[in-house]
Amino acid sequence: MSRQRVLFITIDFHKEDEIKESFSVASIISYCQNKGIDWIVTRISINANSCVANQIREIRPQLIENDIVMFGLYSWSEKYAKLIIENKTINNVLCFGGYNVCRSNIKELEKKYPEVNHFIVGYAEESVYQLVTNINSNKVLNNGIDEKYLGGIYGNKILELNDSIRTIRFFTKLGCFYQCDYCAHRDVNKNLIVSIPLDKVKLDLALIKNYNIDKVNFIDPTFNLQENYLEITKYLVEICFPHLVSLQVSFNSISDDFLDLCEKLNCVLEFGVQDINEMITEKVNRRQKMETVNLVISKLNKRKIKHELSFIFGLPYQTIEHVEEDIKWVNEHIDPKICKIVFNRLMILQGTTLYNRKEEFLIIEEEVDGIPFVKETKWMNQQEMCKVLVRLKDLKYIVE
C-alpha cells in the first residue's frame, strides 16, 4: 500500500521574526510522527496579508500531487474556503478543521460545504492520525488526544530555524479550565486540558536553550494551571534558560513560590484583565476579583517582575465610561517601567457563547485586515467605539 500524501494549507499572519509555518500544524505532524505514522507531508502557510486568492490558485499543482488536503478554517480564512474547494482535484480528499469547526455549527458547515469530505471538531492531532491511517473515515471526526504522543516539535525537527528567527512558540498543554464567553483558545467542544509529558517538555527546552534566538512565547492559554507548571518553571531556572520567556498566566493561580522562580528568570508574565469592573467580567463568565488582581500587581511591582496586562473593549455591558475607568486604574496601579498595557478590540469567534448571543447584544462587526471586530454593541455605539479607538491609540495602548 502506497503512503498517503497529505497537504496542510493554512492562512496565517506571518511575523517578521517568527517561523512562518503553522505551529498548530507542527503539533499535529509531531503527534503523528510520535505514533509512528508513515506518510508524506507538505505544509503551505499563506501570509494573510498577501494576495491570498492568487496564491491559492498558484498552489493547485500541489493539490494535484496530494491525496488528502487539510485546510484550517478560521474567522480570517473562511472567506477563501470556496476557493480551496474550486481548486481541489477529483482525487483529493478534502478536510476542514480549525476554530471555525465546532459542535455548534457542524451541521451548518456540512450544508454550506457539501464538497468537503471530512470535518475535524476540536483538537486535530488524533483525528488526523486516524483519518490518514484509515482507522476512522467518518464525515465528522472528534477524537480525544492521547497526551503521551503530544510534544517534541523541536526534538522531532518539525520546525526549523534560520538566522532571521528571533522568536519561537512553545507549549506545555492544550486547553484551559476557564470558560470565558468570548474565548476560543481552549477546547470549546469538551473543555478539556491535555498536558504534554514532562520529559518531552524538558527535552525540547534543553534544545531550545542552545538556539540563537531572543524569545520563547509559551502559548498555553493559561500556563499556571495543573501541577506541572511549577516543575517546568523550576527546570527553566535549573538550566539557566537564557532567552526571554513569555507566560500567559491567571491572577487566580499566582503563588509566591511561582513568583520566587520568576524572579530568577528573564520572563514576562501576561495577564488578561479584560475590564476592572467585576459586573462586566462576571457577565462574560470571567472569574476575577479585583482584590486579587490588585494584590498580584502589588507583588509584581515590588519584585520588579516584568508583566503585560491586556484589556478588551467592546464587551457586553461595557460602556465608554467603563473604558475610562480602566485607564484611570492603569494610571493608579501600573509601573510603566516594568509593565506593558494592551487594549484589544473584541472579536466574536465561532463556537463561543458570545457568538450565539450577537443578536441579543446588538453586536455589529466590521472586517479589519481580514479579521471581524466588534464596532458597535447595545452599550457602545459606533461613534463611541471610534472615540475609544482614538483615545487608546493616543495612549499607545493599541498594538498596530
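All residue numbers here refer to positions counted from 1 along the written sequence of the relevant chain. Reporting of local features is limited, given that this is a predicted model, to residues whose pLDDT is at least 70; pairs of side-chain atoms are given and counted only at 80 or more, and all residues count toward the totals for whole chains, interfaces and linings. Water and hydrogen atoms were dropped before computing side-chain values, which therefore reflect all heavy atoms in the structure.

### Structural notes on the pairing of strand β3 (residues 68-72)
Put simply, the rule is: Under the scheme applied here, a residue whose accessible area is under 20% of the maximum for its type counts as buried, over 50% as exposed, and between as partly exposed, the area being computed with a 1.4 Å probe on protein chains only. Secondary structure is summarised from DSSP: a helix means a run of H or I of at least four residues, a strand means a run of E of at least two, and numbering begins at the N terminus for each. A pair of strands is labelled paired if DSSP reports no fewer than 2 bridges between them. Convention used here: a crossover is right-handed provided that the path from the first strand, over the helix, to the second strand proceeds clockwise when the strands point away from the viewer.
With five of five residues buried, β3 is to be regarded as a mostly interior element. Every second residue of β3 is oriented toward a common face, with Ile68, Met70 and Gly72 on one face and Val69 and Phe71 on the other, all of them buried. With four bridges connecting them, strand β1 (residues 4-12) and β3 associate as parallel partners. The residue of β3 that forms the bridge with Phe8 is Met70. Pairing of β3 with strand β4 (residues 93-97), which is carried by five bridges, proceeds in the parallel orientation. Counted as the bridge partner of Gly72 is Gly97 from β4. Traced from β3 through helix α4 (residues 81-87) to β4, the parallel crossover comes out right-handed.

### Some thoughts on the sheet that holds β4
We count it as follows: Contact criterion: two residues are considered in contact whenever any of their non-hydrogen atoms come within 4.5 Å of each other. Interaxial angle, 0 to 180 degrees, is taken between N-to-C directions of lines fitted to C-alpha atoms, where a helix line uses only the stretch in contact.
Spatially, six strands are ordered β2-β1-β3-β4-β5-β6 in an open sheet, and the strand pairing comes out parallel. A strand with exactly one partner marks an edge of an open sheet, and here the two such strands are β2 (39-47) and β6 (140-141). With respect to the sheet, helix α1 (residues 23-34) is in contact with β1 and β2, its orientation differing from that of β2 by roughly 170 degrees. Helix α6 (residues 125-132) contacts β1, β2, β3, β4, β5 (118-120) and β6 of the sheet and is inclined by roughly 160 degrees relative to β3.

### Focus on the nonpolar core
How we decide: We call a set of buried residues a nonpolar core when its members are Ala, Val, Leu, Ile, Met, Phe, Trp, Tyr or Cys and they connect through side-chain atoms within 4.5 Å of each other.
Core analysis: the biggest nonpolar cluster contains 105 residues, and Val128, Phe258, Leu269, Leu309 and Trp329 have the highest contact counts within it. Counting residues in each nonpolar core, the second largest holds 31 residues, with Val52, Ile56, Leu73 and Ile85 among its members.

### Focus: the side chain of Ser127
Test applied: In the analysis that follows, any N or O atom pair within 3.5 Å is treated as a polar contact, provided that within protein one partner can donate a hydrogen and the other can accept it, and provided that, for residues neighboring in sequence, both atoms belong to side chains.
Summarising the element assignment, Ser127 is placed in helix α6. Take Ser127: its relative accessible area is 0%, and that puts it in the buried class. Within the local environment of Ser127, its side chain forms a polar contact with the backbone nitrogen of Asn143, the two atoms lying 3.1 Å apart. Setting aside chain neighbours within four positions, we find Ser127 in contact with Ile120, Leu141, Asn142 and Asn143.

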